[in-house]
Amino acid sequence: MARAALPGRLSWQIGRVVDTIQETRRAKSLVLDLPNWPGHRAGQHIDIRLTADDGYQAQRGYSIASAPEDDGVMLTVDRLEDGEVSPYLTDVVEPGDEIELRGPIGGYFVWDPSLSGPLLLISGGSGIVPLRAMLRDWAAARPQVKVRLLHSARSLDDVIFRDEIMRFAAFDEVDVRIALTRAWPEGWRGHRGRIDRDFLERAAWPPQDAPRIYVCGPTGFVEAAAAALVETGQRPDTIKTERFGPTGG
Amino acid sequence: MTYLLDGNAIAGELFAAFGREMTDVVGKCRNCGTVSVVAELCVYLRAPGTVVRCPSCHAVVMVLVTIGDECNVHLPALEFEQ
């Protein structure tokens, strides 16, 4: 596999939707058939461009949810009520439709199994999407790297890839902790409330273990989590961040 | 629509403009001297132009204007170090 294959230029191309999966009430996955796809790295994204009949164009980036090893490229889109692009992708697009896109894009918020150190993944809402690609990449390669996923969602029903995340938790090397911020089921034993400094002190590896940290989610979530990580002594140069829009996705 | 994102959000525009992946390239703010990778810059998406600020002093270090397929990148206060 040409894991790091990067074309010298980035061109818009047409991808065909081969499947759609309703992940949660708001989030939908699109599986794309992309001829001439050069391969991607876990954490990268794709730009999608919609063009109206009058020529008006709107463009957004969406993280790739599938691992490099997977068949087809999957994007998972969180529907924003006042969004220009996401409601079209979640409510209108059907298998067989064609979408204009370019990618893969991104060389910073990426992970691959050759990287050392415990892997600490922290996400809020649809920030789980690029981290899911990393988890799947890890599961395919099974490197000698421990993984911990700290994920925050409003409620259990809002946890994208919930069943799959729980299957990852079955690996001895993988630890999953879910924080629910608004509603939790009766008897919920996970974290209640936001991912804050207290939670990170308990749930993250200590700085001397040199975790490699990826934080992804809405801007406010990322700012708060990254600041709390630094307050707990994590080295800023071990923390990689990616911010979504105000409500995620 | 104006909101704060980071340099990951303009990776596609920068790749198209520079012909290479730019988010992991190191840049130095000419205003305050802060060195950061492009992915860590503060990005304000504001059609049709995008404003990119230094994460430390908030000086405008880059402006992107996309018209049709063409993205024009202006670097009022950013020096790439790679």
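Residues numbered from 1 in each chain as written. Chains lettered and ligands numbered in written order. Predicted model: local features only at pLDDT ≥ 70, side-chain atom pairs only at ≥ 80, totals over all residues. Heavy atoms only, no water.

Asks: Please clarify how the side chain of B:Asn8 should be interpreted in this entry.
Replies: Checked against the element boundaries, B:Asn8 lands in the loop between strand S1 (3–6) and helix H1 (11–18). Exposure remark for B:Asn8: the relative accessible area of 5% places this residue in the buried category. Of note is the side chain of B:Asn8, whose polar atom sits 3.0 Å from the backbone oxygen of A:Thr241. Within the structure, the side chain of B:Asn8 is placed 2.9 Å from the side chain of B:Asp6, a separation counted as a polar contact. Once residues lying within four places of it in the same chain are set aside, the contact partners of B:Asn8 are A:His45, A:Tyr108, A:Phe109, A:Thr241, A:Glu242, B:Thr23 and B:Ala39. (Helix = DSSP H or I, 4+ residues; strand = E, 2+ residues; numbered from the N terminus. Buried < 20%, exposed > 50% of the residue type's maximum accessible area, 1.4 Å probe, protein only. Polar contact = N/O pair within 3.5 Å; in protein donor to acceptor, adjacent residues only side chain to side chain. Contact = heavy atoms within 4.5 Å.)

Asks: How do you make sense of the interface of chain B and chain A when you look at a structure like this?
Replies: Many descriptions give the size of an interface as the accessible area lost when the pieces come together. If you look at the interface, chain B gives 20 residues, while chain A gives 24 residues. When chain B packs against chain A, close to 1,700 Å² is buried across both sides, 54% of that on carbon and sulfur atoms. When the area that chain B buries against chain A is broken down by residue, the three leading residues are B:Asp6, B:Asn8 and B:Phe15, summing to 28%. Across the contact surface, chain B and chain A share 10 residue pairs in polar contact (both at pLDDT 80 or more). Counting residues per element, the ones that place at least two in the side of chain B that touches chain A are S1 and H1 of chain B. Among the elements that line the side of chain B that touches chain A, the one with the most residues is H1(B), at 5 residues. For the side of chain B that touches chain A, the per-class residue count stands at 9 nonpolar, 5 polar and 6 charged. (Buried area = accessible area lost by both parts, 1.4 Å probe. Nonpolar A, V, L, I, M, F, W, Y, C, P; charged D, E, K, R; others polar.)

Asks: Which parts of the structure should I look at to understand the nonpolar core?
Replies: Generally speaking, soluble globular proteins have nonpolar side chains that are buried together. Residue and element names in this part refer to chain A. Ranked by internal contacts, the top residues of the largest apolar core, which has 37 residues, are Leu121, Met134, Leu149, Phe161, Ile165 and Tyr214. Structurally, this core is a two-domain feature, drawing no fewer than three residues from each of domain 1 (13–105) and domain 2 (119–244). Every residue in contact with Ile165, bar those within four places of it in the chain, is listed here: Ile128, Leu149, Val159, Ile160, Val176 and Ile178. (Core = buried A, V, L, I, M, F, W, Y, C linked by side-chain atoms within 4.5 Å. Domains from an automatic or database assignment.)

Asks: Mind showing me how you'd approach the pattern of salt bridges here?
Replies: A side chain with one charge may pair with a side chain of the opposite charge, provided their charged atoms come close. Residue and element names in this part refer to chain A. Throughout the structure, instances matching the rule amount to 22 salt bridges over all chains. Here Asp33 makes a salt bridge to Arg16, at a shortest N to O gap of 3.8 Å. Of this pair, Asp33 sits in strand S2 (residues 27–33) while Arg16 is found in strand S1 (residues 13–22), placing the two residues 17 residues apart along the sequence. For the salt bridge of Glu223 with Arg243, the shortest nitrogen-to-oxygen distance reads 2.7 Å. Of this pair, Glu223 sits in helix H5 (residues 219–231) while Arg243 sits in strand S12 (residues 239–244), placing them 20 residues apart in sequence. Where salt bridges share partners, they join Asp70, Arg132, Arg136 and Glu164 into one cluster. (Salt bridge = Lys/Arg side-chain N within 4 Å of Asp/Glu carboxyl O.)

Asks: Would you mind showing me how to read the domain arrangement of chain A here?
Replies: All names here are of chain A. Here the domain parsing of chain A yields domain 1 (13–105) and domain 2 (119–244). For domain 1 and domain 2, the distance between their C-alpha centres works out to 24 Å. Facing 20 residues of domain 1, the contacting portion of domain 2 comprises 17 residues. For the pairing of domain 1 and domain 2, the buried interface totals around 1,400 Å² over both sides, and the portion due to carbon and sulfur atoms is 55%. Looking only at domain 1, the three residues that lose the most surface to domain 2 are Thr24, Ala42 and Ser63, adding up to 27% of its buried area. For the pair domain 1 and domain 2, the number of links is 2 salt bridges.

Asks: Looking at this model, I keep getting lost on the side chain of A:Thr90. Mind explaining?
Replies: Locating A:Thr90 in the fold gives a position in helix H1 (residues 86–91). Note on A:Thr90: relative accessible area 4%, which makes it buried.

Asks: Even after reading the chapter, I still don't get unusual backbone geometry, so can you show me in this structure?
Replies: Glycine aside, the phi torsion of most residues is negative, and most peptide linkages are trans. All names here are of chain A. Cis geometry is found at the peptide bond from Gly103 to Pro104, where omega equals 0°. Within the secondary structure, Pro104 is located in strand S6 (residues 98–105). Its identity as a non-glycine residue notwithstanding, Phe161 has a phi of 60°, on the positive side. A positive phi angle is found at Ala210, which is not glycine, with a value near 50°. Along the chain, Ala210 turns up in the loop between helix H4 (197–203) and strand S11 (212–218).

Asks: Quick question: what am I supposed to make of the pairing of S1(A) here?
Replies: The two faces of the sheet receive side chains in turn, since in a regular strand these alternate between them. Residue and element names in this part refer to chain A. Sheet topology places S1 next to S6; 4 bridges connect them, and they run antiparallel. Looking across to S6, one finds that Ile14 is bridged to Glu100. Here S1 runs beside S2; their pairing, made up of 6 bridges, is antiparallel. Bridging across to S2, Ile21 finds its partner in Ser29. (Pairing = 2+ DSSP bridges.)

Asks: Would you mind showing me how to read the packing of aromatic side chains here?
Replies: When we look at a pair of aromatic rings, we describe it by the centre distance and by the angle of the planes. Residue and element names in this part refer to chain A. This structure, assessed with the given rule, holds 3 aromatic pairs over all chains. An angle of 80° between the planes, with centres 5.1 Å apart, marks the rings of Trp138 and Phe171 as edge-to-face. Residue Trp138 is located in helix H2 (residues 128–141), and its partner Phe171 is located in the loop between helix H3 (162–168) and strand S9 (174–180); the two are separated by 33 residues in the primary sequence. For Trp138, a relative accessible area of 0% corresponds to the buried category. You can call Phe171 partly exposed: its relative accessible area is 24%. (Phe/Tyr/Trp six-rings, centres within 6.5 Å; stacked < 30°, edge-to-face > 60°.)

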